[in-house]
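Each chain, letter by letter, is given below.
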Amino acid sequence: MAVYTEVTDEALRAFLAAYPLGALRAFRGIAEGVENSNYALQTEAGDFILTLYEKRVDPRELPWFLGLMEHLAARGIDCPLPVKARDGQALRTLAGRPAAICTFLAGVWPRRVRPEHCAPLGAALARLHLAGADFHEVRPNGLGPAAWGPLLDRCRPGGDAVQPGLVAELDGALAGILATWPVPGALPTGQIHADLFPDNVFFLDGPEGKPRVSGLIDFYFACTDLLAYDIAVCLNAWCFEPDGSYNVTKAHALLSAYQRLRPLSEAERKALPVLCRGASIRFLLTRLYDWTATPAGALVTRKDPLEYLRKLRFFARAEGPASLGL
Ligand SMILES: Nc1ncnc2c1ncn2[C@@H]1O[C@H](COP(=O)(O)OP(=O)(O)O)[C@@H](O)[C@H]1O
Ligand SMILES: N[C@@H](CCOP(=O)(O)O)C(=O)O
């Protein structure tokens, strides 16, 4: 459920009057998503997405996110393009919240990931990294390694109720990850998506019925960080089966397609296992925090933190980059 802020017909029509998009034909709230309120809009000019940014997004950061999407779209990445109103501004206010209209992307996200999705995903990720190379404004990763210790501290009171011994296990895992995390400057950095999960990647059928990526959405965790960390996020999110096993075929397809466009350096290859453990603990911790801090009955879908504990354990046992599909 993600319509936190209701928008009346009258408010929307007044808001739209600032845009060169013609009259409103239809609009409806979109239930999917967890962070912001999203509405599908149809106007005389076509289909759009209206987003009202909710409490977890810092309004001061919105120009960076919208600027990145504009930059990437101008370089041929199929991502939402913020639509400017007649006064040239894409970021406005609606129902008391910061709001923007973006272009609508066709396609559907895969409810069940197949190996055929992973090569197009890898290529799309590499294209995203290459297209971001000349976007020079830096946004530090607010959910990077420096944030994991404080986040774990906030989970201490409730963590062991989710699974006995969890907090001690995470203390040990985090210490190991931080001790071997790449030092600044050791690996290529750039603009990363940082949350490229299946629900943020749309596909359409391409030639011979093979899936092709039609859109990447939800850039609101995007930041400037290690490019290979973005790959580690995708290996976590795309390459495990429902039974918890790692699908090396999917991982190999993803990594090979990525490397055809942006080959990894030796240092990136060596660092991939620890980056994967870092990505596991990042999603484990935000899910654990949400699990323990969300009041029962809140209109938010809580995601299972223990799914990422199983992934973390897998990566901790993995013997080198080759076992991850490199
Ligand atoms: N540009 C877009 N084109 C088409 N659908 C979109 C677009 N942006 C968002 N959506 C729809 O809205 C849903 C939630 O968007 P998302 O950005 O993931 O929200 P949240 O940031 O709240 O998690 C998506 O699953 C998709 O159905
Ligand atoms: N991908 C994260 C949650 C972020 O949600 P999104 O709807 O904004 O992608 C997770 O799975 O924990």
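Named according to an unreviewed UniProt entry, the protein is Homoserine kinase originating from Roseicella aerolata. According to the UniProt record, the Catalytic activity (unreviewed entry) comment for the protein is "L-homoserine + ATP = O-phospho-L-homoserine + ADP + H(+)". Database annotation for the protein, UniProt heading Pathway (unreviewed entry): "Amino-acid biosynthesis; L-threonine biosynthesis; L-threonine from L-aspartate: step 4/5."

J.: What should I look at first to understand the nonpolar core in this one?
T.: Buried together is how nonpolar side chains tend to be arranged in soluble globular proteins. Counting residues in each nonpolar core, the largest one holds 85 residues, and the members touching the most others are Ala228, Ala232, Cys234, Leu235, Leu254 and Leu275. Looking at this core, the element that brings in the most residues is helix H8 (residues 266–293), giving eleven residues. Here this core gathers at least three residues from each of two domains, domain 1 (9–103) and domain 2 (115–324).

J.: Looking at this structure, how should I read the domain arrangement of the protein?
T.: On domain assignment, one finds that the protein holds domain 1 (9–103) and domain 2 (115–324). Look at where the C-alpha atoms of domain 1 and domain 2 centre, and you get two points 27 Å apart. Of the residues lining the interface, 16 residues belong to domain 1; the matching set on domain 2 comes to 18 residues.

J.: In this structure, what is going on with the sheet that holds strand E5 (residues 97–103)? I would like to understand it.
T.: Strand pairing in a sheet takes place through backbone hydrogen bonds and is either antiparallel or parallel in direction. Spatial strand order, E1-E2-E3-E5-E4: five strands in an open sheet with antiparallel pairing. The open sheet terminates on both sides in strands that have one partner only, identified here as strand E1 (24–29) and strand E4 (92–94). The sheet shows a mean angle of 35° between the axes of neighbouring strands, taken without regard to direction. Judged from the three bridges that link them, E4 and E5 form a sheet pairing that is antiparallel. Residue pairing for E5: Thr93 is matched across the bridge by Pro98.

J.: Got a minute to help me understand the site of ligand 1 in this structure?
T.: With respect to spatial proximity, 18 residues lie near ligand 1, and among them Glu32, Gly33, Glu35, Pro80 and Asp218 are the closest. Within the shell around ligand 1, the residues separate by chemical class into ten nonpolar, four polar and four charged. For the shell around ligand 1, the domains that each give at least three residues are domain 1 (9–103) and domain 2 (115–324).

J.: In this structure, what is going on with helix H2 (residues 62–74)? I would like to understand it.
T.: Since there are 3.6 residues in each turn of an α-helix, residues three or four apart along the chain are aligned in direction. Here H2 contains 13 residues, and its C-alpha end-to-end distance of 18 Å stays within 8% of the 18 Å for a straight helix at 1.5 Å per residue. For H2, every residue scored as buried is listed here: Phe65, Leu66, Leu68, Met69 and Leu72. Projected down its long axis, H2 shows its buried positions confined to an angular sector of 155°, all on one face. Positive backbone phi, approximately 90°, marks Gly76, located one or two places after H2.

J.: Please explain the environment of Arg156 as it appears in this structure.
T.: Looking at the element boundaries, Arg156 is found in helix H4 (residues 145–162). When the C-alpha positions of Arg156 and Tyr289 are compared, they lie 9.3 Å apart, and in sequence the two are 133 residues distant.

J.: Could you clarify how one ought to interpret the packing of helix H6 (residues 227–238) against helix H7 (residues 248–261) in this entry?
T.: Between two packed helices, what matters for the description is the angle formed by their axes and the separation of those axes. In contact at an axis separation of 10 Å, H6 and H7 are set at 150° when each is read in the N-to-C sense. On the basis of the axis angle, H6 is roughly antiparallel to H7. Where H6 crosses over H7, the two elements pack in a sense that is right-handed. On the side of H6, the interface is formed by Ile231, Cys234, Leu235 and Trp238, while H7 contributes Lys250, Ala251, Leu254 and Tyr258.

J.: Could you clarify how one ought to interpret the UniProt feature "domain: Aminoglycoside phosphotransferase" (unreviewed entry) in the protein in this entry?
T.: Sequence positions flagged by UniProt for "domain: Aminoglycoside phosphotransferase" (unreviewed entry) are, in local numbering, residues 27–264. End C-alpha to end C-alpha, residues 27–264 measures 44 Å, and it is 37% helix and 19% strand.

J.: Hey, could you run me through the packing of helix H5 (residues 166–180) against H8 in this one?
T.: Here H5 crosses H8 at 140°, and the two axes come no closer than 10 Å. When the axes of H5 and H8 are compared, the pair comes out oblique. As H5 packs across H8, the resulting crossing turns out to be left-handed. On H8, the residues that touch Leu170, Ala173, Leu174, Ile177 and Thr180 of H5 are Val274, Arg277, Gly278 and Ile281. Among the residues forming the contact of H5 with H8, the class breakdown is six nonpolar, two polar and one charged.

Rules used in this analysis
- Residues numbered from 1 in each chain as written.
- Chains lettered and ligands numbered in written order.
- Predicted model: local features only at pLDDT ≥ 70, side-chain atom pairs only at ≥ 80, totals over all residues.
- UniProt positions renumbered as here; feature names shortened; annotations may be inferred.
- Core = buried A, V, L, I, M, F, W, Y, C linked by C-beta atoms within 7 Å.
- Buried ≥ 20, exposed ≤ 12 C-beta atoms within 10 Å, placed from the backbone.
- Helix = DSSP H or I, 4+ residues; strand = E, 2+ residues; numbered from the N terminus.
- Domains from an automatic or database assignment.
- Contact = placed C-beta atoms within 7 Å.
- Pairing = 2+ DSSP bridges.
- Axes fitted to C-alpha atoms, helices over the stretch in contact; angles between N-to-C directions.
- Near = placed C-beta within 6 Å.
- Nonpolar A, V, L, I, M, F, W, Y, C, P; charged D, E, K, R; others polar.
- Expected span 1.5 Å × (residues − 1).
- Arc of directions from axis to C-beta.
- Parallel < 35°, antiparallel > 145°, perpendicular 65-115°, else oblique.
- Left-handed = near helix turned anticlockwise from the far one by under 90°.

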